[in-house]
Amino acid sequence: MSGEKKREFHVVNHSVPRRDGRAKVTGKAPYVSDLKLAGMAYAKVLRSPYAHARIVSIDASRAASRPGVVAVLTQNDLQGINPYYGHAVKDHPLIAIEKVRYAGEPVAAVIAESERAAFEALEFIDVRYEELKPVLTPKEALEKEAPLLHERKFEAGALRGFEGEVTAGKGTNICQQHHIQWGDVEEAFKKAAAVVEGEYYFPMTYAYAMEAYVAIADVNDNGITIYSSAQHPFMVRHDLKSVFNLPVSRVRLIVPFVGGGYGSKSYTKIEPLVAACSWKAKRPVKLQLTVEEAMLTTRSDDAYTWMRTAVDSKGKIIARQAKIYMNTGAYAENSPLVVEKSTNRCVGPYAIPNVLIENCSLYTNTVPASSYRGFGCAQVTLPGESQIDELAAKIGKDPYEFRMQNVAKPGEEFFPKMRPFDGTLKEDLEIAAKAIGWKEPLAKGHGRSVACSGSDAGAYPLTSTAVRVHADGSVTIMTGSTELGQGSHTVLPQIAAEELGVPFDEVNVVSSDTAITPYDRSTGASRTTTLMGSAVLEASREAIQQMVVMAADVLKVKIEEIEVIRGGVRCGEAQLNWSEVISKFYALPDGEVIGRSYIRKSGKFSQLPVFWEAACTGVEVSVDEETGKIKMEKLATVGDVGLAINPALAEGQDIGAATMGMGIGLFEELVYEGPQLVNGSILDYRLPRFSDMPKEVELHLVQNQDGVGPYGAKGGGEASLNSMAANIANAVDRAVGVRIRSAPLTPEKVWRALKDRKQ
Amino acid sequence: MTDSKQTLQLNFQLNGKALEVECEAQETLAEVLRDRLNLTGTKISCEVQVCGACTVLVDGLPVSSCTFLAYEARDKNVLTIEGLARPDGTLHPIQQAFIDEFAFQCGFCTPGMILAAKSLLDENPKPTEDDIVHYMDGNICRCTGYVPIVRAIQKAASGMAKKEK
């Protein structure tokens, strides 16, 4: 990409206003919750009150005869379809079959003329359960006598996103195991000048996409059409194809605007259930979950981590070892990949010569865990970045200087077999430290911390697109990437406008309709700008190549005589813009040229990760010693993004992610009492609000064009979350001298630690 | 909606126009707006009056339409996001400021956020940053980290003040 560096940009690297701005501020932007189909019925779900139970019988006859009820779907109605789905392992029944595995699992669905009629009929479904002993924590799940959640063997899914095996489905409660190892850890710890060791806990959290899961399915003789709030329509299509045994061409997923995703709408959620409802009712069916139900659908994996880290006498980190137990809940969903990623991300963005990380996720009778912004990274960055500070304190070094000494350097192959590091963490750290006034005097009860993370991006390169140049010179991008709010509908047209030399306003986007838009594996793992952006760039260039050939034909000259200029071509005196090229080629002012691109794991994308997602955050907190309450005083984010196609959008991702991370650091946690989730509502699950934000916020981007994406871009949007919980814990330690090794750092937890410190 | 339940006739001003609508007694204002009037700009999220996504203005004051009975809006003035821009399409200064300042991402909280901000600026045209934070604290945004929203409201306030002069 070095040839691109000197280039002046016309459209990219500018904060052009969002393409979806007007629609979103006028209430006109369509979300699935807003859609209605002709003849549509509504579904409501009956959920299990038990965490682990055998279903003895279900009698839905009373509910089926209620006014307005069209049909009831239970385990007794699944003949003719394959009811188990899952892209990693097919362990998830679309509705409970024979047993329930968590309190809140769908057991029956009523389909009725109205949502209210469906809801009112739920209590007339008679389900008899035989309770089983629940398994609630990884520790319980590992016990010899632990009841098994899954007795069946499962098929591993071809699209699990990594090359290793899946452990699930082999007659234990283990969902996935993964380990990495290099050097000689035992020997290194023996030789170490200093070692820190500790146990850490990262909580279950809820992403709270403000639009709860929603889907409308129309299953008929022609196949399946589903409107869904899914991030990855093509992955959902794959699951539905196998549930209904249909060719891919007869399964259509359409995703309009999505009201927040943050990973929680990755992969398949309620689509198989609502499709089965439509299949049974023989008409379109809408299923809109409530937020309380969404909280019973997906959460993040909580993680119990034991970790130790060692330095030599010169302050170089020489070893890290960790054992992680993750709690994946009742079904695997994407947790096998979360395990793989959290294992890798345990190393942090540090060059450590001796590493042993062992990770194991376990099925428990709790809400299924899956992707959550940064998948797996925040879970292990809490221990990882806490230990960097703990070690620095132990050897009497400034934690900022200690990081500067140890972070991976640009181009360094710090993680065996992976892409050399493509970020500049020292530069990033310096900016973060300066932004929060690292070296300035601190008020009493205040503490600061800077921390970083580097993630081997989960972005798997399998992406295609079509860029259509119309006869009037305007452009339509056909993309399988979903607009979740991250700004793909703005960034992708910026790239096409840059390449084709057409006005930004004349580039439109059609997205996420599997019947129309070319394949894109997913919209997650910070991939869209890098992978879909590259696809749009290449497809635009391919369209230009075609138009050069057309221009030569029109002008009756050789192709070599055509020179490409911005927005068109030149040949001697003759100059044609794209509109003229296409119109003259077809001899009518209509028609189009279609530029295509296929991205796969080859060429510059052959080595994984496609990029390292690196970022730093800095915080200053103050702690009220009377109450244990933490106040955020300052926040700085530094996104190491290569090149920001739209700087305002990139910064928006960073502060959004940092705010989510702050929520986990301060108060977010799904709390179980026994088998029941006790804070399963937004009344009880505490989220960041306006008044939680620090007064001083600085957002920085580092743009060294060192990524493989368009113009040197890399992905962003997860990394600022990852280090926040550790940052808050570190800053609290520096403020009041207590080391807290679990998130969130609630006032009670801090107050108790302060009380213990005083004794 | 095929249930043979008792319905009532409601009259209120909606976005400046007199309106009569039939609904059941237990229907919330959000249900009437979204399901009967097809005004889907009003969003439903938490349904327990803590997120602010469903905020509409009733006689100029913000209410959570998800828990506000439609009946309570009788004979009143209801303003939804659909009624905020001018009929010629010109955006309200708050709407424009939200675009200019990148004060939303997914956009799901935005209609409620903008209407709450309008109510604030109607009541207090020159709010301090603390005033904005205090007034807006009942509206949750999961995407933006709030900072650009505060900036957008400040920008709208100063733009509207200049216009008045």
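Residues numbered from 1 in each chain as written. Chains lettered and ligands numbered in written order. Predicted model: local features only at pLDDT ≥ 70, side-chain atom pairs only at ≥ 80, totals over all residues. Heavy atoms only, no water.

With respect to the pattern of salt bridges
Residue and element names in this part refer to chain A. Going through the model one piece at a time under the given rule, you end up with 47 salt bridges over all chains. Asp 126 is the salt-bridge partner of Arg 62, the closest N and O atoms lying 3.1 Å from each other. Of the two residues, Arg 62 is situated in helix H2 (residues 61-64) and Asp 126 in strand E8 (residues 126-131); the sequence distance between them amounts to 64 residues. On the accessibility criterion, Arg 62 (42% relative accessible area) is partly exposed. In this structure, Arg 741 engages Glu 390 in a salt bridge whose closest nitrogen and oxygen atoms are separated by 2.7 Å. Here the residue Arg 741 occupies a position in the loop between helix H18 (724-736) and helix H19 (747-758), and Glu 390 occupies one in helix H10 (residues 377-395), the gap between them amounting to 351 residues. Using a relative accessible area of 10% as the deciding quantity, one classes Glu 390 as buried. Linked through salt bridges whose partners overlap, the residues forming this network are Arg 18, Asp 20, Lys 24 and Glu 483. (Salt bridge = Lys/Arg side-chain N within 4 Å of Asp/Glu carboxyl O. Helix = DSSP H or I, 4+ residues; strand = E, 2+ residues; numbered from the N terminus. Buried < 20%, exposed > 50% of the residue type's maximum accessible area, 1.4 Å probe, protein only.)

Quick notes on the sheet that holds strand E32 (residues 696-702) of chain A
Residues and elements named next belong to chain A. With mixed pairing, the four strands of this open sheet are ordered in space as E20-E28-E29-E32. Looking at strand neighbours, the two that pair on one side only are strand E20 (446-456) and E32, the edges of this open sheet. Taking the axes of each pair of neighbouring strands and ignoring which way they run, one obtains an average angle of 15° across the sheet. Judged from the 10 bridges that link them, strand E28 (residues 612-623) and strand E29 (residues 630-640) form a sheet pairing that is antiparallel. Note on E29: the bridge partner recorded for Val 623 is Ile 630. (Pairing = 2+ DSSP bridges. Axes fitted to C-alpha atoms, helices over the stretch in contact; angles between N-to-C directions.)

Concerning the packing of helix H2 (residues 93-100) of chain B against helix H3 (residues 110-123) of chain B
Each pair of packed helices gets described by two things: the angle between the helix axes and the distance between those axes. Residue and element names in this part refer to chain B. H3 packs onto H2 with a crossing angle of 125° between their chain directions and a minimal axis gap of 10 Å. Between H2 and H3, the crossing angle belongs to the class labelled oblique. Seen along the crossing, H2 lies across H3 with a hand that is right-handed. On H3, the residues that touch Ile 94, Gln 95 and Phe 98 of H2 are Thr 110, Met 113, Ile 114, Ala 117, Lys 118 and Leu 121. (Parallel < 35°, antiparallel > 145°, perpendicular 65-115°, else oblique. Left-handed = near helix turned anticlockwise from the far one by under 90°. Contact = heavy atoms within 4.5 Å.)

With respect to the domain arrangement of chain A
Residue and element names in this part refer to chain A. Parsing chain A into structural domains produces domain 1 (9-23 + 460-604) and domain 2 (376-458 + 608-758). For domain 1 and domain 2, the distance between their C-alpha centroids amounts to 37 Å. Every contact between the two is made by 28 residues of domain 1 and, on the other side, 27 residues of domain 2. Summed over both sides, the interface of domain 1 with domain 2 buries roughly 2000 Å², with 62% coming from carbon and sulfur. Among the residues domain 1 hides against domain 2, the three largest losses belong to Asn 13, Ser 526 and Thr 530. Together they make up 27% of the total. For the pair domain 1 and domain 2, the interface holds zero salt bridges. Our count for the contact surface shared by domain 1 and domain 2 stands at 14 residue pairs in polar contact (both at pLDDT 80 or more). For the side of domain 1 that touches domain 2, the secondary structure elements donating two or more residues are helix H13 (488-500) and helix H14 (528-555). The class makeup of the residues in the side of domain 1 that touches domain 2 is 10 nonpolar, 13 polar and five charged. (Domains from an automatic or database assignment. Buried area = accessible area lost by both parts, 1.4 Å probe. Polar contact = N/O pair within 3.5 Å; in protein donor to acceptor, adjacent residues only side chain to side chain. Nonpolar A, V, L, I, M, F, W, Y, C, P; charged D, E, K, R; others polar.)

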